Amino acid sequence: MMKTLAIAMIAGSAATASGQLTLNLVNQIDLLDTQDPASASFIGSNPSAVGWDGTNMYVAGWNNGRGAGTDHGLVGIANAASSDALGTAFGQIPTPDFRGYNSVDVQNGRVLAGYDGGSANPQGLAIYNGATGALEDSRNERVAFANFDPSNGGDVAWSVFGSGRLRVVDQNNLPGPTTFDGTNGPVIFAGSTIQRGQDIDDNGNITLNDANGNLTHFTRTGAGSTGTQLLLASGLGVGNGNNNAILNTGFGDFVLYNDRNGNTYGSSIAGVDTAGNPIALPINGVDLSTATSTGWWDFDYDSATGTLAAVEFSTRQAFVFQVVPAPGTAALLGLGGLAAARRRR
C-alpha cells in the first residue's frame, strides 16, 4: 500500500492557492556509499546539493566534520528515475570542516557546481562534463549559489556572500570578464546579503532564502535587472541547508522549500505559489515522518518531464518525484477547460 504524508502548511482551505501539488514517488536512491572513503562514489560526509535534468541526477557533498582537507565532490546517477547505480565521483576538492558544495545545476549535459570552502577556490565555480566527470572550465571564486541563467542565454549566474547582486559570466569562458558584476547585476537583496538558498526558473525569475529567515521571489525584468520583490515566507531557518526550488508546472508556478527552524525530515518541507499563498503538499509513496534528521534538503525541478529530484542530508537518501496537480485541482482545471470549450462553441 502506498503511504501518504500530508504536510499541512495552511490554516484553512480558504487560504490555499488556486493550484495544489502532489508529489508521487518514482524512485528512491540510497546514497550511503557516498560517505565511504573506500567507495569510488565517495563525495564526503553528507549529500548537500542536487542537480537534475529529468534523466540524470548529480549529488554534491558537504564536510560535516569528517576532517579538514578531506576530499569532497560530486557523483552522478544515470537514469535516476529507474536506477540507483552510483557513478564515479568527480570534482573532488580538499574541504575544510563544515564547508562544501552549496549548489548543483544541469544544462545540456553540463554540470555546474558552486563550492564554498570559506575562501576563493580555483574550482569554486566549475562546469563538469556530466557523462565523464571531466572538468571543462572553472573560476577562482567563493560561491554562495550558482545557476544557469535563462535570462542570459543559459550563461552562469552566481551569488556571493556579502553582496546583494548576482554576477553573470559566459558559460563557455568562466574565467573571463563578467557580463554583470556586483555593481550592475540583478538585485537579489531583501534585507540580508547572506544567501542560504537560491533558484532561477525557466523565465529567469529568482527565489532566495536569506540569513534573516526570509524566502523572497524576484521577478526578472531583464538580463541584468529584477523588478517586483515578494516575500513568500518568513521565520524560516537561518543556517546552511535551507533551500528552495521553483516549479514551473502546466498548472501553475510554485516554490518548494525546506524550513530547518525546529523541523526535521519530512516536516521541514513546505510550499507556496509565486503569489505567496501556502499550499497543501501530499507526498505519496514514501513515509517521510519517521526518520530523525536535520531537515536539510535540496531540490531541483525539471519542467520538461514534470519531475522533481530531492536529496536529504542526514539520512543520505535521494528521491525522484512526479509532480502532478492534487485531485481537487485537477478537477477544477478540467472544469475550467470544459467551460472554455463551451465558450468557444
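Undergrad: Now, about the pattern of salt bridges: what can you tell me, with residues and values included?
TA: The tally for this structure, following the rule as stated, stands at five salt bridges. Ionic pairing is found between Glu136 and Arg110, a salt bridge with its closest N-O pair at 2.8 Å. Of this pair, Glu136 sits in strand 10 (residues 135–141) while Arg110 is found in strand 8 (residues 110–116), placing the two residues 26 residues apart along the sequence. Glu136 sits in the partly exposed class, given a relative accessible area of 36%. Note on Arg110: relative accessible area 14%, which makes it buried. In this structure, Asp149 engages Arg220 in a salt bridge whose closest nitrogen and oxygen atoms are separated by 2.6 Å.

Undergrad: Could you give an account of the pairing of strand 9 (residues 121–129), with specific residues and numbers?
TA: Here strand 8 runs beside strand 9; their pairing, made up of five bridges, is antiparallel. Bridge pairing in strand 9 links Arg110 to Asn129. Linking strand 8 to strand 9, which pair antiparallel, is a turn of four residues; within it Gly118 sits at a positive phi near 95 degrees. Bridge count for strand 9 against strand 10 is five bridges, and the pairing is antiparallel.

Undergrad: Please set out the nonpolar core residue by residue, giving values where relevant.
TA: Counting 22 residues, the largest nonpolar core has Leu247 and Leu308 as its most contacted members. Looking at this core, the elements that each hand over two or more residues are strand 2 (21–30), strand 19 (244–249), strand 20 (252–258), strand 22 (281–284), strand 23 (297–302), strand 24 (307–312) and strand 25 (317–325). Residues within four places of Leu308 in sequence aside, it is in contact with Leu23, Trp52, Leu247, Leu256, Phe299, Asp300, Tyr301, Phe319, Val320, Phe321 and Val323. Within the second largest apolar cluster, 15 residues are counted, among which are Leu31, Ile77, Ala80 and Ala318.

Undergrad: I'd love a proper account of the sheet that holds strand 11 (residues 145–149), names of residues and values included.
TA: Spatially, four strands are ordered 11-12-13-14 in an open sheet, and the strand pairing comes out antiparallel. Looking at strand neighbours, the two that pair on one side only are strand 11 and strand 14 (178–180), the edges of this open sheet. Sheet twist, expressed as the mean angle between neighbouring strand axes with direction ignored, is 30 degrees. Across five bridges, the pairing between strand 11 and strand 12 (residues 155–159) is antiparallel. Each residue of the ladder has a partner; that of Ala146, found in strand 12, is Trp158.

Undergrad: Kindly report on the pairing of strand 12, identifying the contributing residues and their values.
TA: The element strand 12 is largely enclosed, with a buried count of five among its five residues. What sits between the antiparallel neighbours strand 11 and strand 12 is a turn of five residues, in which Gly153 has the positive phi angle 65 degrees. Inspection of the sheet shows strand 12 paired to strand 13 (residues 167–169) by three bridges, in the antiparallel sense. Note on strand 13: the bridge partner recorded for Trp158 is Arg167.

Undergrad: Residues and numbers for empty space enclosed by the protein, please.
TA: Empty space among the atoms can be located by rolling a probe the size of a water molecule over them. In this structure the tally under the stated criterion is two cavities of 30 Å³ or more. As a volume, the largest cavity reaches approximately 130 Å³. Breaking the lining of the largest cavity down by element, the ones donating at least two residues are strand 7 (100–107), strand 11, strand 15 (195–200), strand 19 and strand 23. Tallied by class, the residues present in the lining of the largest cavity amount to six nonpolar, seven polar and three charged. Taken as a whole, the second largest cavity spans an internal volume of roughly 60 Å³. If you trace the second largest cavity, you find it lined by Ser48, Tyr101, Asn102, Phe145, Phe161, Gln195, Arg196, Asn240, Gly241, Asn243 and Trp296. At the level of elements, strand 7 and strand 15 are the ones that each hand at least two residues to the lining of the second largest cavity. Each residue belonging to the lining of the second largest cavity can be placed in one class, and the counts come to four nonpolar, six polar and one charged.

Undergrad: Residue-level account of the packing of aromatic side chains, with values.
TA: Considering all chains together, one arrives at ten aromatic pairs under this definition. Both rings, one in Tyr101 and one in Tyr115, keep their centres 5.2 Å apart while their planes meet at 65 degrees; by these two values the pair is edge-to-face. One end of the pair, Tyr101, is in strand 7; the other, Tyr115, is in strand 8, with 14 residues separating them in the sequence. A centroid spacing of 5.7 Å and a plane angle of 20 degrees characterise the contact between Tyr265 and Trp297, whose relative ring orientation is stacked. Placement of the pair is Tyr265 in the loop between strand 20 and strand 21 (269–273) and Trp297 in strand 23, with a sequence separation of 32 residues. Judged by relative accessible area, which is 0%, Trp297 ranks as buried. Clustering of aromatic rings is evident, with ring pairs tying together Tyr265, Trp297, Phe299, Phe319 and Phe321.

Undergrad: So what's going on with the sheet that holds strand 18 (residues 225–233)? Which residues, and what values?
TA: As summarised here, the arrangement of the four strands in space is 15-16-17-18, forming an open sheet in which the pairing is antiparallel. With one partner strand each, in any of the chains shown, strand 15 and strand 18 form the two edges of the open sheet. When the angles between neighbouring strand axes are averaged without regard to direction, this sheet yields 20 degrees. In the sheet, strand 16 (residues 206–210) pairs with strand 17 (residues 215–222) via four bridges, with the strands oriented antiparallel. Across the sheet, Ile206 pairs through a bridge with Phe218, a residue of strand 17.

What counts and what doesn't
Residues numbered from 1 in each chain as written. Predicted model: local features only at pLDDT ≥ 70, side-chain atom pairs only at ≥ 80, totals over all residues. Heavy atoms only, no water. Salt bridge = Lys/Arg side-chain N within 4 Å of Asp/Glu carboxyl O. Helix = DSSP H or I, 4+ residues; strand = E, 2+ residues; numbered from the N terminus. Buried < 20%, exposed > 50% of the residue type's maximum accessible area, 1.4 Å probe, protein only. Pairing = 2+ DSSP bridges. Core = buried A, V, L, I, M, F, W, Y, C linked by side-chain atoms within 4.5 Å. Contact = heavy atoms within 4.5 Å. Axes fitted to C-alpha atoms, helices over the stretch in contact; angles between N-to-C directions. 1 Å grid on protein atoms, 1.4 Å probe; cavity = no way out; pocket = protein on both sides within 12 Å on 5 of 7 lines; lining within 4 Å. Points joined across faces, edges and corners; volume = space filled by probe spheres on them. Nonpolar A, V, L, I, M, F, W, Y, C, P; charged D, E, K, R; others polar. Phe/Tyr/Trp six-rings, centres within 6.5 Å; stacked < 30°, edge-to-face > 60°.

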